[in-house]
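Architecture and fold: a report
Below are the chains, spelled out letter by letter.
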Amino acid sequence: MIHSKTGLFALALIAMLSSCKSQYDTLLNSNDVDAKYSAAFEYFNQGKYQKSARLFESLSSQTNGTAKDDTVQYYWGLSNYRFKDYYTAETNFETFLDNYPRSAFAREATFLRIDCLYRSTYRYELDQMPTNKAIAAILEYMVEDTEGTHTEVCQHMLDDLNDRLDRKAYENAKLYYKMEDYLASRIALRNVLKEDADNAYREDVLYYIAMSSFKYANLSVAEKQKDRFMTFVDDYYNFISEYEESKYRRELDVLYTRAQRALGKFTGSDEDLKVKEKDFEKERKQLEKAAKEK
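Notes on the structure follow.

Structural notes on unusual backbone geometry
One non-glycine residue with positive phi stands out, namely Lys84, at about 70 degrees. Of note, Lys84 is situated in the loop between helix H4 (69-82) and helix H5 (86-99). Even without being glycine, Glu180 reaches a positive phi, approximately 65 degrees. Assignment of secondary structure puts Glu180 in the loop between helix H8 (151-178) and helix H9 (182-195).

Description of the packing of aromatic side chains
Counting across every chain of the model gives 29 aromatic pairs. Judged by centre distance (6.3 Å) and plane angle (40 degrees), the ring pair of Phe232 and Tyr236 falls under tilted. Note that Phe232 and Tyr236 are positioned in helix H11 (residues 222-242) at a spacing of 4 residues, about one turn of the helix. Take Tyr236: its relative accessible area is 4%, and that puts it in the buried class. One aromatic cluster is present, formed by Tyr37, Phe41, Phe44, Tyr49, Phe56, Tyr74, Tyr75, Phe93, Phe96, Tyr100 and Phe105 through successive ring pairs. The aromatic ring of Tyr24 is capped on one face by Lys51, whose charged end is 5.0 Å from the ring centroid. The ring of Tyr37 carries Lys68 above its face, with NZ or CZ at 4.4 Å from the centroid.

Quick look at the pattern of salt bridges
Tallying each qualifying case throughout the model produces 13 salt bridges. Here Glu90 ties to Arg113 by a salt bridge, and the two come within 2.8 Å at their closest N and O atoms. Of this pair, Glu90 sits in helix H5 while Arg113 sits in helix H6 (residues 106-119), and the two are 23 residues apart along the sequence. Side by side, Glu90 and Arg113 carry an identical accessibility label, which is buried. A salt bridge links Arg249 to Asp253; the shortest N-O distance between them is 2.8 Å. Separated by 4 residues within a single helix, Arg249 and Asp253 lie in helix H12 (residues 249-262), roughly one turn from each other. Shared partners join several salt bridges into a network, and the residues in it are Glu90, Glu94 and Arg113.

About the criteria used
- Residues numbered from 1 in each chain as written.
- Predicted model: local features only at pLDDT ≥ 70, side-chain atom pairs only at ≥ 80, totals over all residues.
- Heavy atoms only, no water.
- Helix = DSSP H or I, 4+ residues; strand = E, 2+ residues; numbered from the N terminus.
- Phe/Tyr/Trp six-rings, centres within 6.5 Å; stacked < 30°, edge-to-face > 60°.
- Buried < 20%, exposed > 50% of the residue type's maximum accessible area, 1.4 Å probe, protein only.
- Lys NZ or Arg CZ within 6 Å of the ring centre and 35° of its normal.
- Salt bridge = Lys/Arg side-chain N within 4 Å of Asp/Glu carboxyl O.

Scope: geometric values only; no functional claims are made or implied.
Okay, here's the thing in structure tokens:
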């Protein structure tokens, strides 16, 4: 008896759902613009954005050239935006702005479009063409947005996107260091700063430039070491002139002392050098331990 009642309830539920689906599909394919328009907003207000997007999409061909068309196109994009289909929403807003640049919705559609572009970008390791496209759109918007409605949000987007470009340039150059091609590493890292002196990772770039020149010199044949250690000394001074209190300072100080000894300019004793190296090694282990405990 229980099984029979359960079965009847399931059949009734399926029938009800099928009926609802049928009503929506019937409405979707109907030519009743007013009913479809009303239903699209009803679904939108209920948070059923995928359904409202489909209805607004269907309406777009039926309201073309009418007073409702800009509203339909805007809410088609907004439905996809709320549904988090940012790629489609960006296309919707772009088309809308091409067709209705003076619409009451144009201002907000412009911002939502760049927000879609921002949300469609990739992490720094991947293709950054979408990042460059988003940056260009954001800068253009900020120039035109004289009231500064979304200035703070736009600046946050720019900071984030520019950081990705800086990180990608830095990490790509550092690959040579990881491959132990220290000459290529130094050249690539220097090129990062030539192309963008204000790279967000400037401290790290300068550190790896110095590390690259030291290791390149240290691995060189004896007759070429002097000039190459001199290059490291230049890189060392470039680094400490900008980052005197850097977390990398202790390590580079140890390498500088080694370079001075190789150049015959070290006035201390081997014991002094050992003490420096021991202090640095102790500090390095403490930093590693602290990082693991976080």
